[in-house]
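Remarks on the overall topology
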Amino acid sequence: PGLFGNDFYLLPMHSWLARVGYRPVGSSLALNVGCPERLRKRVDEELQRAMKQTAGPVALVGHSRGGILARAMAAQLGERCSHLILLGSPVGGLENFAKAMGTPPVARRTVRTGNRWRKLLDPDCDVPLCGCPFPADFQRPLSRQTRVTSIYSRDDAIVPAAACPIADAKNIEVRGTHIGLV
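Below is a summary of the structure that appears in this document.

Procedures and definitions
Residues numbered from 1 in each chain as written. Predicted model: local features only at pLDDT ≥ 70, side-chain atom pairs only at ≥ 80, totals over all residues. Heavy atoms only, no water. Phe/Tyr/Trp six-rings, centres within 6.5 Å; stacked < 30°, edge-to-face > 60°. Lys NZ or Arg CZ within 6 Å of the ring centre and 35° of its normal. Pairing = 2+ DSSP bridges. Helix = DSSP H or I, 4+ residues; strand = E, 2+ residues; numbered from the N terminus. Axes fitted to C-alpha atoms, helices over the stretch in contact; angles between N-to-C directions. Patch = residues over 30% accessible without salt bridge, like charges linked within 9 Å, V, L, I, M, F, W, Y side chains within 5 Å. Areas by Shrake-Rupley, 256 points an atom, 1.4 Å probe, with all protein chains shown as cover. Salt bridge = Lys/Arg side-chain N within 4 Å of Asp/Glu carboxyl O. Parallel < 35°, antiparallel > 145°, perpendicular 65-115°, else oblique. Left-handed = near helix turned anticlockwise from the far one by under 90°. Contact = heavy atoms within 4.5 Å. Nonpolar A, V, L, I, M, F, W, Y, C, P; charged D, E, K, R; others polar. Expected span 1.5 Å × (residues − 1). Buried < 20%, exposed > 50% of the residue type's maximum accessible area, 1.4 Å probe, protein only. Arc of directions from axis to C-beta.

**A word on the packing of aromatic side chains**
All told, the structure shown has zero aromatic pairs when counted by the stated rule. Positioned above the aromatic ring of F138 is the side chain of R71, whose terminal nitrogen or guanidinium carbon lies 5.6 Å from the ring centre.

**Overview of the sheet that holds strand β4 (residues 170-174)**
One open sheet holds the four strands; their spatial order is β1-β2-β3-β4, and the pairing between them is parallel. One side of each edge strand has no neighbouring strand; the edge strands of this open sheet are β1 (58-63) and β4. Mean inter-strand twist for the sheet, computed between neighbouring axes without regard to direction, equals 15 degrees. Here β1 pairs with strand β2 (residues 81-87) via six bridges, running parallel. Along β2, the bridge assignment pairs H63 with L87.

**Some thoughts on a nonpolar patch on the surface**
A grouping of F4, L31, W117, L120 and L121 is seen on the molecular surface, where their side chains present a nonpolar patch of about 470 Å² in accessible area. In this structure, L121 sits in helix α5 (residues 108-121).

**Side note on the packing of helix α2 (residues 36-53) against helix α3 (residues 65-77)**
Running from N to C, α2 and α3 cross one another at 60 degrees; their axes reach a closest spacing of 10 Å. As the angle between them shows, α2 and α3 are arranged oblique. The crossing of α2 and α3 is right-handed. The segment α2 lies against α3, with P36, L39, R40, V43, D44, L47, Q48 and M51 engaging R65, L69, A72, M73, Q76 and L77. Across the contact of α2 with α3, the residue classes tally to nine nonpolar, two polar and three charged.

**Some details on α3**
Count 3.6 residues to each turn of an α-helix, and residues three or four apart come out pointing the same way. With 13 residues, α3 should cover 18 Å at 1.5 Å per step; its first-to-last C-alpha distance of 19 Å lies within 8% of that length. For α3, the tally of buried residues reaches 12 of 13 residues, placing the bulk of the element in the interior.

**Re α2**
With 18 residues, α2 extends 26 Å between its outermost C-alpha atoms, agreeing within 8% with the 26 Å of an ideal straight helix rising 1.5 Å per residue. Burial in α2 covers these residues: P36, E37, L39, R40, V43, D44, L47 and M51. Along the axis of α2, the buried residues cluster in a sector spanning 145 degrees; they form a single face. Exposed side of α2, more than 90 degrees from the buried face: K52 and Q53 are the residues found there.

Geometry only, nothing functional implied.
Put into structure tokens, the structure is as follows:
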């Protein structure tokens, strides 16, 4: 889920994925806000439980900030991640920022709000300066077997379309709102 989101608003997508033959697993996050390493560990625990029950590769789907978590998880999973699907997620802008160390082209107000809540919920988290593995995992190359698709919209008022395209990925621009991408 995206910033301040949980699996509830993702239920229509979850149901559709199940109808077309996937075995969707929720994130188990009560609220996607706070330290990204703590959140990633929580989602990874849920994913590892599901992976013990079902053999085969994993496809990760991340909406908005959830795409940032999914990107780090995909790198960590390596060849076990067949697909990384990003919906209105600023991963492309953050990858470019990590390479160029310039100004990230994401909505600054959203970033500031997320940072305020992170400091409230996880006062010891100072990502990316804290030394946790999350920033390195986010920047780690994905497996060659992992196919990446970024779906985004110029109508999105939360994450600018320019922050979504990713080099060497299938980038798809559609019409719709930020939540409508789900």
